[in-house]
Amino acid sequence: MKKSLLIILTVTLIFTLTGCKKKSAPVNPVVSSSKSETIYKEPTGGGVTIIDPVMSAPTVTSTTSEAASDYEVEDYFGGANIVRYHGEGGKITIPQTIGGKTVVMIDEYAFRGALVTSVTIPGTVREIETHAFSGCYLLETLTLADGVEIIDGYAFSGCEQLSLVTLPDSVREINAGAFNYCPKLVLTFRGKTYTAANLEELYEYF
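Thresholds, definitions, all that
Residues numbered from 1 in each chain as written. Predicted model: local features only at pLDDT ≥ 70, side-chain atom pairs only at ≥ 80, totals over all residues. Heavy atoms only, no water. Salt bridge = Lys/Arg side-chain N within 4 Å of Asp/Glu carboxyl O. Helix = DSSP H or I, 4+ residues; strand = E, 2+ residues; numbered from the N terminus. Buried < 20%, exposed > 50% of the residue type's maximum accessible area, 1.4 Å probe, protein only. Pairing = 2+ DSSP bridges. Patch = residues over 30% accessible without salt bridge, like charges linked within 9 Å, V, L, I, M, F, W, Y side chains within 5 Å. Areas by Shrake-Rupley, 256 points an atom, 1.4 Å probe, with all protein chains shown as cover. Disulfide = S-S within 2.5 Å. Axes fitted to C-alpha atoms, helices over the stretch in contact; angles between N-to-C directions.

With that settled, the discussion passes to the pattern of salt bridges. In total, this model carries four salt bridges according to the counting rule given. Put simply, K101 and D75 hold a salt bridge, and the shortest N to O gap is 2.8 Å. Of this pair, K101 sits in strand 5 (residues 101–106) while D75 is found in strand 1 (residues 71–76), placing the two residues 26 residues apart along the sequence. With a relative accessible area of 35%, K101 lands in the partly exposed category. Looking at D75, the relative accessible area reads 46%, which means it is partly exposed. The partner of E201 in a salt bridge is K192, with the nearest N and O atoms 2.9 Å apart. Judged by its relative accessible area of 38%, K192 is partly exposed. Ionic contacts of the salt-bridge type, sharing partners, join the residues R126, E149 and R172 into one network.

If you want it as structure tokens, here you go:
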């Protein structure tokens, strides 16, 4: 009897000790991803330049007043007469030919008030008509090539910034008022200098 009781107590003690063991924490399963991880690294050699292969470098175009589209012309005895200037201004050189025709005349009011700062007129031009460049208040430099013959009245009047001008010997007529209201003018013609103070002498020369 005592032997049976001892066996029962021994078995009970074994079960009790087994139940008191601390359960270990469950281990989370490792989840793998097929996507690669992106790691950002600070650039070490300055800024990063991103080049888009689709985008090409911009094309820079330059518009000059030698372009035929800047000038509206009409036929004048087989040559071209500039009747209107449509350019943006600045420094311009009037072309000798437009549309295959030689430029021989600049019509009245053709450049009036244009934002030109420098004008070169070719020797193919024979006449600059009245008020052709009047009111070009930004005009500073005027160059007339040998061949220009007639400058009509008020052709350059009101060009307030116009200063040094040398007229070619080909000029045979300058009508009254051609350079009126040009306070900074210093004009040289056939060895003599004229300013706003003695312009009348220039007009009387002819």
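Now that the structure has been shown, the text picks up again.
Bringing the pairing of strand 12 (residues 186–189) into the picture now. Burial along strand 12 is one-sided: the face carrying L187 and F189 is buried and the face carrying V186 and T188 is not. Pairing analysis gives four bridges linking strand 10 (residues 164–167) to strand 12, with the strands arranged parallel. From the neighbouring strand, V165 faces strand 12, where its bridge partner is L187. Taken together, the four bridges between strand 12 and strand 13 (residues 192–195) define a ladder with antiparallel strand orientation. When the sheet's bridge partners are listed, F189 is paired in strand 13 with K192. In this antiparallel pair of consecutive strands, strand 12 and strand 13, the connection spans two residues, and R190 shows a positive phi of 50°.

Taken together, the side chains of L115, Y137 and L138 define a hydrophobic patch exposed on the protein surface, amounting to about 260 Å² of accessible area. Mapped onto the fold, L138 is located in the loop between strand 7 (127–128) and strand 8 (141–144). Under the relative-accessibility criterion, L138 is labelled partly exposed at 32%.

Across all of its chains, the model carries zero disulfides by this definition. Considering cysteine sulfurs only, C182 is the nearest to C159, which forms no disulfide, with 5.0 Å between them.

This part is about the sheet that holds strand 12. As summarised here, the arrangement of the six strands in space is 3-6-8-10-12-13, forming an open sheet in which the pairing is mixed. Edge positions in the sheet fall to strand 3 (90–93) and strand 13, since each of these pairs with one other strand and no more. Strand-to-strand twist across the sheet, computed as the mean angle between neighbouring axes with direction ignored, equals 15°.

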